[in-house]
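Observations on the three-dimensional arrangement
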Amino acid sequence: MVEKLVIDISKCTGCDSCITSCSFHHGGEFSIKKSRIQVVKIKEAGVNVPLTCQHCGEAPCAEVCPTGAVKRDSDRNMVLIDEKKCIGCGICGLACPFGAISYDDNSKIAFKCDLCNGDPMCVKVCGPKAIQYIEADVPEKIKREQLAHELLHALVQNGKVV
Amino acid sequence: MSKVNGGKILHVDLTTHKVWVEPLKEELVKQYLGARGINARLLWDLVKPGIDPLGPENVLIFGTGGLSGTHAPSSGRTSVTCLGAATNRYLKTNVGGYWGARLKYAGYDHLVIHGAASKPVYIVIDDDKIEILDADEIWGKIVKDTDKYIKEMHGNDFETACIGPGGEKLAKIAAIMISVSFAAARGGIGAVMGSKNLKAIAVRGTGSIGIAQPSRFNEAAMEARDALSKDVGAQGLYMYGTASIVEGVNSTHGFPSYNFRQGHIDGIESLTGQWLVEKGYLKGRLGCASCGVSCHRYCTIDHGRYKGTKIAGPEYETLSSLGSGCGVTDTEAVIKAGGLCNDYGLDTISTGGVIQWAFECYEKGLISKEDTDGLELVWGNGDAVVEMVHKIALRQGLGDILAEGTRIASQRIGGESWKWAVQSNGLEQSRVETRAAKSYALAFATHSRGPDHLSTETLAEFGLTPEARDIVKKVTGDEKYANPWLTEKRAEIVLWHENCYAVTDALGFCAFSSTLAYGVTPKNMAEMFSSATGIETTEDEIMEAGERIVNLERAFNIKLGYNRTHDVLPWRVMNEPLKVGTNVLMNSKQELDKMLDDYYQLHGWDPDTGIPTRDTLQRLELGDVANVLFADS
């Protein structure tokens, strides 16, 4: 069973641990700019939204890459950038609907989440478990179970079920 | 310079609009670690005795934690230091949020504000680009609108430190608000920023922080993260915030109520963290930079007279200061009043402290309904608390006097009102019942900034957890001293905690990781500091750095003329008993004197004067400080 990075916005506290750990893991430095995950903070609503690569099934970044550097590895459910093939044109970043691909000023190529080769650092440091790396169909299962309980509650309220 | 530091101290003189950068010397990092420690050294060097805290000679020093910006757990805190507006003595405030880490990413470990602008300004720090801009458009705005303006003008990725109308109007209970909802609160620090005509400091940092030994650091940081995630106290803080302990503290008569006349209040349920969750006020949990604990709250009121209120908090302290202290158990009034304090940039502890003092004045006939413009300051009237917050921030009517803080207000109102002014050295005491906790009593009497829990949190004396009992055993030799009603061995407990707290603050850690939850130990901190900076430091050495910081802060106050005679507690907690069941608890002069004797001796301070001896200062490599203190001898 393949795994997937699953983000629960309601649990994110906006602590930035994922951001700084990501850049540290990949380059030995703590930096917001060099991180492959970002958190958008909507302070007036008390809400924090972590955003990173979704490793899309039909990945627009891979489709537009002129050199074939961005490719989907279906077996591991990952979209990866081949640093040797990347020419740093930035087209993949334009195509990405999540703003998840950045450009490195030093190496002059694109970079994005690589799921830390199957053991994501952001997951390890997320205290409230807003980011999890779990079997790909688990989120749907959780949603179905939640919905079932809500339905049951509604039916009980209406006297349809005792 | 070690890679984990930005390596620079940024100086901004608002009188001359001059900006300069000073390299951060590695020796400073070695001796004082960061934030609170290096701030204290800068304050010692820059502020001379006899100046006006609200004059241009005072400096306002922001210090990022030594490990802020890294993934060390709960390491993102910032210390802000100056000569206190309310206290006219050493003042350090410590605050969470994201601003400090951003300053570090911009390349600066510390920011020193000198002088005063001739008209309102704000500072923008965008990596190497520093600008002092006209603040006419935001002067007068509340905190969240100030933040909004700066983000609209400069970009969403700027974090702000700013004052609200409270600081602008030089309220001596005004805070500096960081990242909108985190308060560098105490001692009137917001008034110092206001006196410099400085509305806000916006920071964006796109740089990086390096680590001397990355894999060793990662191992130490992840170990500490793991320890914290398993800590029961930290889990409670996540679920119910600092208010998770309200009901327990109230049941032991340690929850100050009715202006410290009693330690409990009936109907406590509606002031608990659990209530905020159950009744749906809690909408989110917020974490400071790199913090997995996430104790900060985000609450809203969706119905009723305060509908539409959105606030960060309320915290334990707020629920006691603006709630039980005023006899109020009305959740929504406390949430509203706390939210207004955030908006106006006021310290909730001092604001609640001065309001409950006014309630007692009203009860005793020293303040009339005429003085309050018709407000009835009677115990339990939450709406009156809310209205008084407005009046204080805007200095309207009686609020103009209360904005001066409890010490000055009691001098103005006169009579015997000084007896129920629960302050010492100009600082409203925080919400701890020292009559029922003797380490706290000793710590509150001796803190360089005044009577509160945020320089020494001696929770271990209650012996609530195995870790706490271990610490008491380690420092006193016997677990039996984990008893808050004892006066024996309190000096040992206070000393360990104050040194540990100084290290905690200096490295940017949160007390909830190291001296309350005890998940992050001095050994962990020494390991993280060593591997991050490359300055190899043992547990004992790092605790000695903490002791150095504590002594330097003490020396600063000594230089200003303070001594043993100023190590006192508020009159009420020294002269009026607290009834706990059949027990009657007090702090007596005799008892405090004995604890002070023990404490000075353990510190190596002169027992008669409370002044650190030359030998002690030299042992701590503070020989130059000794030369200043003992210049005449």
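Check the entry above for the structure.
Structural notes, computed from the coordinates. (Residues numbered from 1 in each chain as written. Chains lettered and ligands numbered in written order. Predicted model: local features only at pLDDT ≥ 70, side-chain atom pairs only at ≥ 80, totals over all residues. Heavy atoms only, no water.)

Regarding the overall build of chain B
- Looking only at helices and strands, one finds 26 helices and 19 strands in chain B.
- Once the C-alpha set of chain B is aligned to its principal axes, its extents read approximately 60 × 60 × 55 Å.
- Evaluated residue by residue, chain B yields a buried proportion of 66% over its 633 residues.
- Counting contacts in chain B only where the partners sit at least 6 residues apart, residues at least 24 apart contribute 67% of the total.
- For chain B, the exposed area adds up to about 20500 Å²; of that, 50% sits on carbon and sulfur atoms.
- Mean positive and mean negative side-chain charge positions of chain B (65 and 80 charges, respectively) differ by 1 Å. (Helix = DSSP H or I, 4+ residues; strand = E, 2+ residues; numbered from the N terminus. Buried < 20%, exposed > 50% of the residue type's maximum accessible area, 1.4 Å probe, protein only. Contact = heavy atoms within 4.5 Å. Areas by Shrake-Rupley, 256 points an atom, 1.4 Å probe, with all protein chains shown as cover. Lys, Arg positive; Asp, Glu negative; His and termini not counted. Charge placed at Lys NZ, Arg CZ, Asp CG, Glu CD.)

Brief notes about helix α18 (residues 466-476) of chain B
All names here are of chain B.
- Of all the positions in α18, only A468, I471, V472, V475 and T476 are classed as buried. Mapping the buried residues of α18 onto a view down its axis gives an arc of 105 degrees, with all of them on the same face.
- The inward-facing, buried residues of α18 abut α19 (490-507).
- G477, located one to two residues past α18, shows a positive phi value of around 95 degrees. (Arc of directions from axis to C-beta.)

Quick word on the side chain of N250 of chain B
- Structurally, N250 of chain B is set in helix α9 (residues 246-251).
- Apart from the residues lying within four places of it in its own chain, the contact partners of N250 of chain B are F255, G263, H264, I265 and I268 of chain B.

Some details on the sheet that holds strand β14 (residues 296-301) of chain B
Residue and element names in this part refer to chain B.
- Taken in spatial order, the three strands line up as β13-β14-β15 in an open sheet, and their pairing is antiparallel. Strands with a single pairing partner mark the edges of an open sheet, and in this sheet they are β13 (282-286) and β15 (309-312). Averaged over all pairs of adjacent strands, the angle between their axes in this sheet comes to 15 degrees, without regard to strand direction.
- In this fold helix α8 (residues 232-240) packs onto β13 and β14, with an angle of close to 20 degrees to the strand it touches most, β14.
- Across the sheet, helix α12 (residues 331-344) lies against β14 and β15, angled at about 70 degrees from β15, the strand it touches most. (Pairing = 2+ DSSP bridges. Axes fitted to C-alpha atoms, helices over the stretch in contact; angles between N-to-C directions.)

Some details on the packing of aromatic side chains
- The tally for this structure, following the rule as stated, stands at 16 aromatic pairs over all chains.
- The interplanar angle of 5 degrees and the centroid separation of 4.3 Å between the aromatic rings of F24 of chain A and F30 of chain A together place this pair among those described as stacked. Residues F24 of chain A and F30 of chain A agree in their burial class; the two are buried.
- With centroids separated by 5.9 Å and ring planes inclined at 75 degrees, the aromatic side chains of W418 of chain B and W571 of chain B adopt a geometry described as edge-to-face. Of the two residues, W418 of chain B is situated in the loop between α16 (406-413) and β16 (423-424) and W571 of chain B in helix α23 (residues 571-575); the sequence distance between them amounts to 153 residues.
- The class for W418 of chain B is partly exposed, based on a relative accessible area of 44%.
- Members of the aromatic cluster, joined through ring pairs, are F24 and F30 of chain A together with F217 of chain B.
- It is R89 of chain B that lies over the ring of Y562 of chain B; its NZ or CZ is 4.7 Å from the centre. (Phe/Tyr/Trp six-rings, centres within 6.5 Å; stacked < 30°, edge-to-face > 60°. Lys NZ or Arg CZ within 6 Å of the ring centre and 35° of its normal.)

Section: the state of the cysteines
Residue and element names in this part refer to chain A.
- According to the stated counting rule, one finds zero disulfides over all chains in the structure shown.
- Looking at C113, it has no disulfide partner, and the nearest cysteine sulfur is the one in C53, 5.7 Å off.
- Its sulfur unpaired, C122 is 6.3 Å from the next cysteine sulfur, which belongs to C116.
- Residue C122 is classed as buried on the basis of its relative accessible area, which comes to 10%. (Disulfide = S-S within 2.5 Å.)

With respect to the environment of L427 of chain B
Residues and elements named next belong to chain B.
- Topologically, L427 is positioned in strand β17 (residues 427-428).
- Owing to a relative accessible area of 0%, L427 belongs among the buried residues under this scheme.
- With 22 residues separating them along the chain, L427 and R449 place their C-alpha atoms 7.9 Å apart.
- Ignoring any residue separated from it by four or fewer positions in sequence, one finds L427 in contact with T87, R186, G187, V422, R449, G450, P451 and D452.

Section: the interface of chain A and chain B
- Across the boundary between the two partners, chain A contributes 27 residues, which contact 33 residues of chain B.
- Carbon and sulfur atoms make up 56% of the surface buried where chain A meets chain B, a total of about 2200 Å² over both sides.
- Summed over the three residues of chain A that lose the most area to chain B, namely T13, F30 and K43 of chain A, the buried surface amounts to 29% of that side.
- Run the count over chain A and chain B and you get two salt bridges.
- One salt bridge connects E159 of chain B with K43 of chain A, and the closest N-O pair in it is separated by 3.2 Å.
- Inspection of the chain A/chain B interface yields 10 residue pairs in polar contact (both at pLDDT 80 or more).
- Of all the elements in the fold, those that place two or more residues in the side of chain A that touches chain B are α1 (17-27) and α4 (121-125) of chain A.
- The leading source of residues in the side of chain A that touches chain B is α1 of chain A, at four residues.
- Here the residues of the side of chain A that touches chain B sort into nine nonpolar, 10 polar and eight charged. (Buried area = accessible area lost by both parts, 1.4 Å probe. Salt bridge = Lys/Arg side-chain N within 4 Å of Asp/Glu carboxyl O. Polar contact = N/O pair within 3.5 Å; in protein donor to acceptor, adjacent residues only side chain to side chain. Nonpolar A, V, L, I, M, F, W, Y, C, P; charged D, E, K, R; others polar.)

A look at helix α2 (residues 35-46) of chain B
Residue and element names in this part refer to chain B.
- Spanning 12 residues, α2 covers 16 Å between terminal C-alpha atoms, matching the ideal 16 Å at 1.5 Å per step.
- In terms of burial, α2 is largely enclosed, as 10 of its 12 residues are buried.
- Taken together, the buried positions of α2 are A35, R36, G37, I38, N39, A40, R41, L42, L43 and W44. (Expected span 1.5 Å × (residues − 1).)

Let's talk about unusual backbone geometry
- With an omega of 0 degrees, the peptide bond between G313 of chain B and P314 of chain B qualifies as cis.
- Mapped onto the elements, P314 of chain B comes out in the loop between β15 and α11 (316-323).
- Its identity is not glycine, yet N117 of chain A carries a phi of approximately 60 degrees, on the positive side.
- Mapped onto the elements of the fold, N117 of chain A is located in the loop between β7 (110-111) and α4.
- Judged by relative accessible area, which is 58%, N117 of chain A ranks as exposed.
- Here N259 of chain B, not a glycine, exhibits a phi torsion of approximately 50 degrees, which is positive.
- Positionally, N259 of chain B belongs in the loop between α9 and α10 (273-278).

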